[in-house]
Amino acid sequence: MKLPKNTFKARLGIEKQYGCWAGLTTGYTAEILATIGYDWLLVDSEHAPNTTQSLLSQLQAVAPYHSHPIVRPESSDKDNIKRLLDIGVQTLMIPMVETAEQAKALVSAMHYPPKGIRGVGGGLARATRWDSVDNYLNIAGDELCLIVQIESALGVKNAAEIANVDGVDAVFIGPADLSIGLGHPGNPYHADVQSSILSVIDATFSAEKACGILAPVEADARKYMEMGCSFVAVGIDISLMRSAAKENLNKYLGVSSKSNSSGTY
Ligand SMILES: O=C(O)C(=O)C[C@H](O)[C@@H](O)CO
């Protein structure tokens, strides 16, 4: 059989791709999101209580759909990356990358020798469809995609060098961590945060890489797309569920809901 095509990577920087954060940690909920039609889902293991097994269930659940699963691991450890690639993750988003050296180590962890240090899972791995994918060892890298998150002052300072690393496919800005890291907790609208976001977008563009961002507030998403972001997470499943549930109950309690309550970062 053929290696599954990484549709997200193929469209990266060419078309706008709308994503949704998936933090509910089950195949069932991820599949529901996949039926909506988002281009990509961020299956979050950094801040949501996922396990390798729950990530696998989500990959399997969304496989028949258009939505491409991107996994954000809790650690950038090379053995953790190896395990995620073996269960069939094709696109990784690595949090808090601050230097080009860190980015190079990630590229190395994702690729087989001589380019990198990834170990061979072979017939044990879903990535090879248990040895059914023709020529997997030689072509695996073509469909892998590395997104590094820039979300600290040091990361912003080194953004150009990070984005220029060969093997980094895209940069993703984390507005929440960036805000707190710059001394403005919970305020991505502060001028310092906004100018840092713009400088990361510019640096990423100069490196001819794609830039993405989390922007669950519609006006922010539109603004960042105008600034050049081509893949934007426009929602977070947990926030969307909470806001819909709250709005529903509030109708009966006679309480007015905040109009942007689904826009939590
Ligand atoms: O810094 C950010 O913004 C992110 O990386 C996203 C956060 O982890 C979180 O707010 C997602 O709900």
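- An unreviewed UniProt entry annotates the protein as 4-hydroxy-2-oxoheptanedioate aldolase of Marinomonas polaris DSM 16579.
- The Catalytic activity (unreviewed entry) comment attached to the protein in UniProt states, word for word, "D-glyceraldehyde + pyruvate = 2-dehydro-3-deoxy-L-galactonate".

## Describing the overall build of the protein
Right, so step 1: For the protein, the count of helices and strands is twelve helices and eight strands.
Right, so step 2: A compact globule built from 265 residues should have a C-alpha radius of gyration of about 18 Å, and the protein, at 18 Å, falls within 12% of that.
Right, so step 3: Structurally, the protein occupies a C-alpha span of about 60 × 40 × 30 Å along its principal axes.
Right, so step 4: Looking at the protein as a whole, 53% of its 265 residues are labelled buried.
Right, so step 5: Sequence separation of 24 or more characterises 64% of the internal contacts of the protein that already satisfy a separation of 6 or more.
Right, so step 6: Only carbon and sulfur atoms are counted for the fraction: they give 55% of the accessible area of the protein, which is about 12300 Å².
Right, so step 7: Charged side chains of the protein number 22 positive and 28 negative; the gap between the two group centres comes to 3 Å.

## Thoughts on the pairing of strand β8 (residues 231-236)
Right, so step 1: With respect to burial, β8 is a largely interior element, five of its six residues being buried.
Right, so step 2: Here strand β1 (residues 17-22) runs beside β8; their pairing, made up of five bridges, is parallel. Paired with Tyr18 across the bridge in β8 is Val232.
Right, so step 3: Where strand β7 (residues 210-214) meets β8, three bridges bridge the pair, whose relative direction is parallel.

## A word on the UniProt feature "domain: HpcH/HpaI aldolase/citrate lyase" (unreviewed entry) in the protein
Right, so step 1: Sites flagged by UniProt as "domain: HpcH/HpaI aldolase/citrate lyase" (unreviewed entry) map to residues 17-243.
Right, so step 2: The span residues 17-243 is 41% helical and 18% strand by assignment, and the distance between its end C-alpha atoms comes to 24 Å.

The rules behind these values
- Starting afresh in each chain, residues are numbered from 1 along the sequence in its written order.
- For this predicted model, a pLDDT threshold of at least 70 governs which residues receive local features, and a threshold of 80 or more governs which side-chain atom pairs are given and counted, while totals over whole chains, interfaces and linings are taken from all residues.
- The side-chain quantities take in all heavy atoms of the structure and omit both hydrogens and water.
- UniProt positions are given in the numbering used here, feature names are shortened, and annotations may be inferred rather than shown by experiment.
- Each helix is a run of DSSP H or I of at least 4 residues and each strand a run of E of at least 2, with the numbering of both proceeding from the N terminus.
- Each radius of gyration reported is based on C-alpha atoms, and the globular scaling rule is 2.2 Å times the count of residues to the power 0.38.
- The classification of residues rests on relative accessible area computed with a 1.4 Å probe and restricted to protein chains. Under 20% of the type maximum is buried, over 50% is exposed, and intermediate values are partly exposed.
- Contact criterion: two residues are considered in contact whenever any of their non-hydrogen atoms come within 4.5 Å of each other.
- The accessible surface values rely on the Shrake-Rupley method and a 1.4 Å probe; as for residues, cover is taken only from the protein chains in view.
- By the counting rule applied here, Lys and Arg register as positive and Asp and Glu as negative, while His and the ends of each chain are not counted.
- Charge placement uses NZ in Lys and CZ in Arg. For Asp and Glu, CG and CD serve respectively.
- In this analysis, strands are considered paired if DSSP registers two or more bridges between them.

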